[in-house]
Amino acid sequence: MAAIEMRNIVKEYGDGFKAVNDVSIDIADGEFMILVGPSGCGKSTLLRMIVGLEDITDGDMIIGGNRVNEKAPRDRNLSMVFQNYALYPHLSVFENIAFPLRLKRGVKEEEIKQRVEEAAATLELTEHLQRKPANLSGGQRQRVAMGRAIVRQADAFLFDEPLSNLDAKLRGQMRTEISRMQRRLGTTTVYVTHDQTEAMTLGDRVAVLRKGVLQQVASPRELYEQPVNLFVAGFIGSPPMNFLPAVVEKTRLRLPFFDLDVSAEVAERIAQCDLVLAGVRPEYFEDARVVDASKRDAGTTFRARVDVTEWLGDSQYAYLPFEAPPEVVTQLAELAKELDTEALRTQAVVSIDSMSRMRENADA
Ligand code: ATP
């Protein structure tokens, strides 16, 4: 197994366009690292540079303490699982899994059999070993691709959106399976996705990229609770964080629905800003009808018009439009375009406690 260190990695394509721009990430031995970001942010390019399928323009790629920039993919001892699985249709499941071992010289037939059977048992594929890929479900094919990665006893697993071709239910199952497998084997893993749930549930840490530039590397919890900038704040979380435009009056922020007091230090920092936004996650709102009156804060309790409500079974959200001066609306629209985010809108999304729903039903 191996640690992966990326030092100031750059990928420049012919026209001078930097798909990956000065990215440094340290992935510890045995760590599960997620690379996430919007389409085109450079996450696949970065993964392909780790595995050796893409030349590195600048910087150092260090795997297990060795610089591998000039090493061919086959000499890096990494296993990559692709989105389309890349299985051989004419070979059985057994032979598909055995394939990388047959490429290695000197692996005895007995050992091949043992390793394939072990991997198949881990992935619950034992009863399908003689089948061809065409006769397997999407999830089973995915597991065969993972089996092939396991038997190689590679130093690291690299996944490029491996679940995006599966339906929602199977994706959930496979997510759990990948997580379990990684924990059992303890193999360093780098996993590219644009799926929020995968990013937040699978990895030990998540690296967020935007336009080739690394924004933040942190645990899922830290990303959620302490995003370093507006982009990460708006990208992580579904529905996204609300950004409420503020009118600053000394230490008081006048927001669309309520006012908020900030510390003198924060007030000083934001005094010179053109635009001040208060980031409030949907779940930080409570339905006042279900909060004990004695616990309500009169300063932040408000009435608002509900535009739309969404019921998702285990949660419910309400959309509350708000007014803002035309110049603020323009600023928000410009920022939204620049950051390519849905989060900056003149409406807030708030979660409604399921208690209030139950009470409504009871009242009805
Ligand atoms: P997605 O989630 O859509 O797969 P991504 O984050 O994985 O996106 P990459 O595939 O890494 O993005 O691409 C990063 C950027 O580099 C994109 O703007 C893409 O158009 C560009 N790019 C990728 N390959 C080439 C190439 N061979 N020549 C020029 N530009 C390229």
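Going by the annotation in an unreviewed UniProt entry, the name recorded for the chain is Sn-glycerol-3-phosphate ABC transporter ATP-binding protein UgpC, with Cryptosporangium minutisporangium given as the source organism.

Visitor: Explain the overall build of the chain here, please?
Guide: Helices and strands together make up the secondary structure of the chain, namely 11 helices and 17 strands. Seen through its C-alpha atoms, the chain measures out along the principal axes to roughly 75 × 55 × 30 Å. A burial count over the chain gives 32% of its 364 residues as buried. Within the chain, counting contacts between residues at least 6 apart in sequence, those at least 24 apart form 66% of the total.

Visitor: In this structure, what is going on with the sheet that holds strand β5 (residues 66–67)? I would like to understand it.
Guide: Two modes of strand pairing occur in sheets, parallel and antiparallel, and in both the strands are linked by backbone hydrogen bonds. Read across the open sheet, the four strands follow the order β2-β1-β4-β5; overall the sheet is antiparallel. Looking along the sheet, the strands with just one partner apiece sit at the ends: β2 (18–27) and β5. Where strand β4 (residues 58–63) lies against β5, two bridges are found, and the strand directions are antiparallel. Opposite Ile62, over in β5, you have Arg67 as the bridge partner.

Visitor: Looking at this structure, how should I read the nonpolar core?
Guide: Soluble globular proteins: nonpolar side chains tend toward being buried together. Ranked by internal contacts, the top residues of the largest apolar core, which has 81 residues, are Ile34, Leu35, Ile97, Leu158, Val190 and Ala207. Sorting elements by how many residues they give to this core places helix α4 (residues 138–151) first, with six residues. Both of domain 1 (4–230) and domain 2 (239–363) provide at least three residues apiece to this core. Not counting chain neighbours up to four residues away, the residues in contact with Leu35 comprise Lys43, Leu46, Leu47, Val190, Val192, Ala207 and Leu209.

Visitor: When you look at the domain arrangement of the chain in this model, what are you seeing that I'm missing?
Guide: Where interface size is quoted, it is often the accessible area lost as the parts come together. Domain boundaries assigned for the chain yield domain 1 (4–230) and domain 2 (239–363). Distance from the C-alpha centre of domain 1 to the C-alpha centre of domain 2: 38 Å.

Visitor: Before we go on, may I ask you to explain helix α5 (residues 168–185) in this structure?
Guide: Counted at 1.5 Å a residue, the expected span for α5 with its 18 residues is 26 Å, and the 26 Å between its end C-alpha atoms agrees. Contacts made by the buried residues of α5 are with β3 (32–36), α3 (109–122), α4, β8 (188–193) and α6 (196–202). Just downstream of α5, Gly186 is the residue with a positive phi angle, here 65°.

Visitor: Explain the environment of Gly299 here, please?
Guide: Tracing the backbone through its elements, the reader meets Gly299 in the loop between β14 (276–280) and β15 (308–311). Judged by local crowding, Gly299 falls into the exposed class, with 10 C-beta atoms found within 10 Å. Considered as a pair, Gly299 and Asp261 are 38 residues apart in the sequence and their alpha carbons are 9.7 Å apart. Beyond its immediate stretch of four places on either side in the chain, Gly299 contacts Phe258 and Asp259.

Visitor: Could you clarify how one ought to interpret the sheet that holds β15 in this entry?
Guide: Read from one edge to the other, the open sheet built from three strands follows the order β15-β16-β17, with strand pairing classed as antiparallel. Here the strands that pair on one side only, and so sit at the sheet edges, are β15 and β17 (347–352). Ignoring strand direction, the axes of neighbouring strands in this sheet form an average angle of 20°. Note that strand β16 (residues 316–321) and β17 share six bridges and pair antiparallel. Bridge pairing links Ala318 to Val350 in β17.

Visitor: So what exactly am I meant to see when it comes to the environment of Thr193 here?
Guide: By the element assignment, Thr193 lies in strand β8. A count of 23 C-beta atoms within 10 Å places Thr193 in the buried class. A sequence separation of 157 residues divides Thr193 from Val36, and the C-alpha atoms of the two residues are 5.4 Å apart. Leaving out residues up to four positions away in the same chain, Thr193 has contacts with Ile34, Val36, Glu161, Glu198 and Ala199.

Visitor: Where do I start with unusual backbone geometry in this structure?
Guide: Note the cis peptide between Ser238 and Pro239, where omega equals -5°. A positive phi angle is found at Asn8, which is not glycine, with a value near 50°. With respect to the helices and strands, the residue Asn8 is situated in strand β1 (residues 4–12). Taking the number of C-beta atoms within 10 Å as the measure of exposure, Asn8 has 11 and is therefore exposed. A positive phi angle, close to 55°, is found at Glu124, a residue other than glycine. You can see Glu124 is positioned in the loop between α3 and α4.

Visitor: Whenever I open this one, the packing of α4 against α5 confuses me. Can you help?
Guide: A packed helix pair is summarised by two numbers, namely the angle formed by the two axes and the spacing between the axes. Between α4 and α5, the least distance of the axes is 10 Å, while the angle of their chain directions is 20°. Comparing the axis directions of α4 and α5 gives the class roughly parallel. In the packing of α4 onto α5, the handedness of the crossing is right-handed. Within the contact between the two elements, α4 uses Gly138, Gly139, Gln142 and Met146 and α5 uses Leu170, Gln173, Met174 and Met181.

Visitor: For this particular structure, what's the right way to read the site of the ligand?
Guide: Close to the ligand lie Tyr13, Ala19, Gly37, Ser39, Gly40, Cys41, Gly42, Lys43, Ser44, Thr45 and His194. Top contributing element to the shell around the ligand by residue count: helix α1 (residues 43–51), with three residues. Partitioning the shell around the ligand into residue classes produces three nonpolar, seven polar and one charged.

Scoring rules and cut-offs
Residues numbered from 1 in each chain as written. Predicted model: local features only at pLDDT ≥ 70, side-chain atom pairs only at ≥ 80, totals over all residues. Helix = DSSP H or I, 4+ residues; strand = E, 2+ residues; numbered from the N terminus. Buried ≥ 20, exposed ≤ 12 C-beta atoms within 10 Å, placed from the backbone. Contact = placed C-beta atoms within 7 Å. Pairing = 2+ DSSP bridges. Core = buried A, V, L, I, M, F, W, Y, C linked by C-beta atoms within 7 Å. Domains from an automatic or database assignment. Expected span 1.5 Å × (residues − 1). Axes fitted to C-alpha atoms, helices over the stretch in contact; angles between N-to-C directions. Parallel < 35°, antiparallel > 145°, perpendicular 65-115°, else oblique. Left-handed = near helix turned anticlockwise from the far one by under 90°. Near = placed C-beta within 6 Å. Nonpolar A, V, L, I, M, F, W, Y, C, P; charged D, E, K, R; others polar.

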